Amino acid sequence: MSIPSAEPTGDPFAALIETMRRLVWPGGCAWHEVQTHESLVPYLVEETAEFIEAVERELPPGEVAGELGDVLYQVLFHAAIAERDGEGYDLTAVATALNE
């Protein structure tokens, strides 16, 4: 199976999606490649809790943004796994459904 790729657009979000794809696809990162939705649940819970804590503690915006980035990483990770494993959706499908 080959890693899907898109033309570089200069869009940081598109670049981030491509990075996640490279990490989870065979031949990418060995740790990322073996992860599943189930194995990542504790990380999603932890990162979400850290974001909530940052908001509740009124931490500086940079710290809150960093925690939000960690949550986004988890979302992208799960979407890339779904795409890799042929689960019938990817980040584009998730975003399209959310927008609708």
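The structure reproduced in this document is the subject of the present report. (Residues numbered from 1 in each chain as written. Predicted model: local features only at pLDDT ≥ 70, side-chain atom pairs only at ≥ 80, totals over all residues. Heavy atoms only, no water.)

### Examining unusual backbone geometry
Unusually for a residue other than glycine, glutamate 58 sits at a positive phi of about 55 degrees. Positionally, glutamate 58 belongs in the loop between helix 3 (37-56) and helix 4 (61-84). (Helix = DSSP H or I, 4+ residues; strand = E, 2+ residues; numbered from the N terminus.)

### Some points on the side chain of aspartate 90
Along the chain, aspartate 90 falls in the loop between helix 4 and helix 5 (91-99). Nearest to the buried, unbridged aspartate 90 among oppositely charged side chains is arginine 21, at 4.5 Å. A distance of 3.1 Å separates a polar atom in the side chain of aspartate 90 from the backbone nitrogen of threonine 92. In this structure the side chain of aspartate 90 is engaged in a polar contact, spanning 2.9 Å, whose partner is the backbone nitrogen of alanine 93. If near-sequence neighbours (up to four positions away) are discounted, aspartate 90 is found in contact with Ala79 and Glu83. (Buried < 20%, exposed > 50% of the residue type's maximum accessible area, 1.4 Å probe, protein only. Lys, Arg positive; Asp, Glu negative; His and termini not counted. Salt bridge = Lys/Arg side-chain N within 4 Å of Asp/Glu carboxyl O. Polar contact = N/O pair within 3.5 Å; in protein donor to acceptor, adjacent residues only side chain to side chain. Contact = heavy atoms within 4.5 Å.)

### Side note on a nonpolar patch on the surface
On the surface, a cluster of nonpolar side chains totalling about 290 Å² of accessible area is made up of Phe13, Leu16, Leu72 and Val75. Those elements that provide at least two residues to the nonpolar patch are helix 1 (12-24) and helix 4. Relative to the helices and strands, phenylalanine 13 is located in helix 1. Among the residues examined, phenylalanine 13 registers a relative accessible area of 39% and is labelled partly exposed. (Patch = residues over 30% accessible without salt bridge, like charges linked within 9 Å, V, L, I, M, F, W, Y side chains within 5 Å. Areas by Shrake-Rupley, 256 points an atom, 1.4 Å probe, with all protein chains shown as cover.)

### What about the nonpolar core?
Judged by nonpolar contacts, Met20, Val24, Trp25, Leu40, Leu76, Phe77, Ala79, Ala80, Ile81 and Leu91 together constitute the single largest core of ten residues. Those elements that place two or more of their residues in this core are helix 1 and helix 4. For this core, the element with the highest residue contribution is helix 4, accounting for five residues. Once residues lying within four places of it in the same chain are set aside, the contact partners of phenylalanine 77 are Met20, Val24, Trp31, His32, Gln35 and Leu40. (Core = buried A, V, L, I, M, F, W, Y, C linked by side-chain atoms within 4.5 Å.)

### Details of helix 4
Relative to the 34 Å expected for 24 residues at 1.5 Å per residue, helix 4 spans 34 Å between its end C-alpha atoms, a close match to the ideal helical length. Of the positions making up helix 4, those classed as buried are Val64, Glu67, Val71, Gln74, Leu76, Phe77, His78, Ala79, Ala80, Ile81, Ala82 and Arg84. If you follow the buried residues of helix 4, they end up packed against helix 1, helix 2 (30-33), helix 3 and helix 5. Immediately beyond the C-terminal end of helix 4, within one or two residues, lies glycine 86, with a positive phi of roughly 65 degrees. (Expected span 1.5 Å × (residues − 1).)

### A word on the pattern of salt bridges
One pass over the full model with this rule turns up four salt bridges. A salt bridge links arginine 21 to glutamate 83; the shortest N-O distance between them is 3.0 Å. Residue arginine 21 is found in helix 1, and its partner glutamate 83 is found in helix 4; the two are separated by 62 residues along the sequence. When its relative accessible area of 14% is taken as the criterion, arginine 21 is described as buried. For glutamate 83, a relative accessible area of 22% corresponds to the partly exposed category. One salt bridge connects arginine 57 with glutamate 53, and the closest N-O pair in it is separated by 3.5 Å. Judged by relative accessible area, arginine 57 falls into the exposed class, the value being 53%. Taking the relative accessible area as the measure of exposure, glutamate 53 reaches 40% and is therefore partly exposed.

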